[in-house]
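Examination of the molecular architecture
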Amino acid sequence: MSVDVLLGLQWGDEGKGKIVDVLTPQYNVVARFQGGPNAGHTLEFEGIKHVLHTIPSGIFRDETINVVGNGVVIDPVTLKKEIDALLSMKVPVSERLFISRKANLILPTHRLLDAASEALKGADKIGSTLRGIGPTYMDKTGRNGLRVGDLESKDFNNRYEKLKLKHTELLRSMNYPMTALADLETDFFAAIDFMRTLNLVDSEHLINKFIQSHRTILAEGAQGSLLDIDFGSYPFVTSSNTITAGACTGLGVAPRHIKKVYGIFKAYCTRVGSGPFPTELDNATGEAIRKAGNEFGATTGRPRRCGWLDLPALRYAIMINGVTDLTMTKPDVLSDFDTIQVCTHYEINGERMDYMPYDIVNMDVKPIYISLPGWKTDLTGIDSEDQFPVALSGYIAWLEEQLHVPVSIVSVGPNRKQTIIRKR
Ligand code: GDP
Ligand code: IMO
Ligand code: MG
């Protein structure tokens, strides 16, 4: 009857893929609703580590249907690579995967336009993953885009050429070299032939049939709430709605069907790419967190910027998303710290604020911290809440008091098994 949503409350990479994988046995369907191959969701189990970009994180579990919804943008080349890797691991992808005809396609020229736009911005660049996400969503809202369903049309190649011409004119006006285009197109056309063999469906009907037949659905978010196109740190954001509401528009689910909202956050903060980050630690402490947490991008390999947990930002994300259940990941990364800092307020122009103001890009935002005792214990072998060190239990209880939402899951390592579901 209902759809639960799982999404990131920070700037992405909170551990969504891992937690979706843990929760999948409770659901019949896992569905991605926005974003595209800018996402990198890591799953670890039985000695393997797998990074998914477009395919939902339920793909490894038997009997789970995985849907790529209309709100997603798909790069056929990346998708084919992902599927090839899964097939080589004997995952029966085509039985489990359904792709919306209404999802928009990322063309080779979208990738070039992304790179050209970033190059023009110079020092003000967004720090995009350069996967063509922004230009593809621009064509979608500009009503120029090509969609998965167009692959079934005899006219596809003409439509492709028309849109390509628009893009190449734009690229020429930006003086951006197009020498890579021919090779990119060869891969693209091979990949779309492959895509035509997949289950291309009217996913909004499929999802609603599942709802009517009492199947359980988990909607898997990509990126994080602070990268949301409306509510994130604009313009340093991605180009889609990463929040709960995005699951409605990105899957065709009516709001009344949304039940639980799982909000995932790290015990600290990271950000990859440009843009404001009030609690960033551009020092040895930040470096220590990066090293302990192996904070390097799952998609681009870029080092992630690290900092302390930011409660004004977290409260904001909880409010916008209507979070019902919190999941904290990576407290194991902070095991060496004697004390742990948490930002409780911002100070802006001498004024204390406990929420995110309109503009944190051009403001001098000073984080106000509280110091809490560190747990100084290796958490990675813990398998029940009773084994939590007192300082960790205290940290969680204090966060619940501050945030007014229960922390129902704690993750203590990258492996599927390193997950503690807390008793209520
Ligand atoms: P996602 O984009 O939200 O799915 O997150 P990513 O996969 O990009 O980044 C999270 C990283 O942290 C991955 O390398 C995960 O394997 C790892 N990870 C997830 N949960 C934990 C945890 O509780 N502890 C540790 N140490 N690593 C974790
Ligand atoms: P997952 O799903 C972290 C960031 C980029 C850049 C900005 C815009 O793995 O959490 P884009 O390519 O969308 O134009 O980039 O958003 N970004 C992410 N950061 N995790 C992600 O996804 C991200 N997807 C995009 O670094 O700052
Ligand atoms: Mg990621």
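Right, let's walk through the structure included here. Keep in mind it's a predicted model, so treat the numbers as computed, not measured. (Residues numbered from 1 in each chain as written. Chains lettered and ligands numbered in written order. Predicted model: local features only at pLDDT ≥ 70, side-chain atom pairs only at ≥ 80, totals over all residues. Heavy atoms only, no water.)

**Examining the site of ligand 1**
Filter applied, for reference: Residues are classed as near a molecule or strand on a simple rule: at least one heavy atom within 4 Å of it. Counted as a polar contact is a pair of N or O atoms within 3.5 Å, where, for protein atoms, one must be capable of donating a hydrogen and the other of accepting one, and residues adjacent in sequence contribute only when both atoms are in side chains. Per-residue accessibility takes into account occlusion by the displayed protein chains alone, with areas from the Shrake-Rupley method and a 1.4 Å probe. Numbering of helices and strands starts at the N terminus; helices are DSSP runs of H or I of at least 4 residues and strands are runs of E of at least 2. In this classification, the charged set is Asp, Glu, Lys and Arg, the nonpolar set is Ala, Val, Leu, Ile, Met, Phe, Trp, Tyr, Cys and Pro, and all remaining amino acids, among them Gly, are polar.
The immediate surroundings of ligand 1 are formed by 19 residues, with K16, G40, T42, D332 and S411 found nearest. E14 is positioned with one of its backbone polar atoms (N or O) 3.1 Å from an oxygen atom of ligand 1. A distance of 2.5 Å separates an oxygen atom of ligand 1 from a polar atom in the side chain of T42. Taking 580 Å² as the accessible area of ligand 1 by itself, protein coverage stands at 93%. Counting residues per element, the ones that place at least two in the shell around ligand 1 are helix 1 (16-23) and strand 3 (41-45). Grouping the constituent residues of the shell around ligand 1 by class yields 4 nonpolar, 7 polar and 8 charged.

**Digging into unusual backbone geometry**
Note the cis peptide between Y234 and P235, where omega equals 5°. The topology assignment puts P235 in the loop between strand 10 (217-220) and helix 9 (244-251). If you check the backbone angles, K90 has positive phi at about 65° while not being a glycine. Mapped onto the secondary structure, K90 falls in the loop between helix 2 (76-88) and helix 3 (93-96).

**Structural notes on the packing of helix 11 (residues 311-321) against helix 12 (residues 390-403)**
When two helices pack together, you describe them by how their axes are tilted relative to each other and by the distance separating the axes. As a reminder of what qualifies: Note on geometry: axes are lines fitted to C-alpha atoms, helical ones only across the stretch in contact, with angles between N-to-C directions running from 0 to 180 degrees. The scheme is simple: roughly parallel for angles under 35 degrees, roughly antiparallel for over 145, roughly perpendicular for 65 to 115, oblique for anything else. The sense of a crossing depends on the near helix, which, turned anticlockwise from the far helix by less than a right angle, makes the crossing left-handed and, turned clockwise, makes it right-handed. Every residue pair with non-hydrogen atoms within 4.5 Å of one another is taken to be in contact.
Closest axis-to-axis distance for the helix 11/helix 12 pair is 11 Å, and the angle between their directions is 60°. Here helix 11 lies oblique to helix 12, going by the angle between them. When the axes of helix 11 and helix 12 are compared, the crossing they make is right-handed. Residues L311, L314, R315 and I318 of helix 11 form the contact with helix 12, whose participating residues are W398, L399, Q402 and L403.

**Things to note about the pairing of strand 3**
Stated formally: In this scheme, a residue with accessible area under 20% of its type's maximum is buried, one over 50% is exposed, and one in between is partly exposed, where area comes from a 1.4 Å probe on protein chains only. At least two bridges found by DSSP between two strands is the condition for calling them paired.
Side chains of strand 3 alternate between two faces, with H41, L43 and F45 buried and T42 and E44 left unburied. Judged from the 5 bridges that link them, strand 3 and strand 4 (residues 48-52) form a sheet pairing that is antiparallel. Considered in strand 4, the bridge of H41 is made with L52. Two successive antiparallel strands, strand 3 and strand 4, enclose a turn made up of 2 residues, where E46 displays a positive phi of approximately 45°.

**Describing the coordination of the magnesium ion (ligand 3)**
Selection criterion: As a rule, N, O and S atoms within 2.8 Å of a metal are its donors, except that Na, K and Ca use 3.2 Å; water is not among the atoms, so sites may look incomplete.
Looking at the magnesium ion (ligand 3), one finds its protein donor set to be D13 (OD) and G40 (O), positioned 2.1 to 2.2 Å from the metal centre. You can see D13 sitting in the loop between strand 1 (3-8) and helix 1 and its partner G40 sitting in the loop between strand 2 (29-32) and strand 3, a full 27 residues away along the chain. When its relative accessible area of 11% is taken as the criterion, G40 is described as buried.

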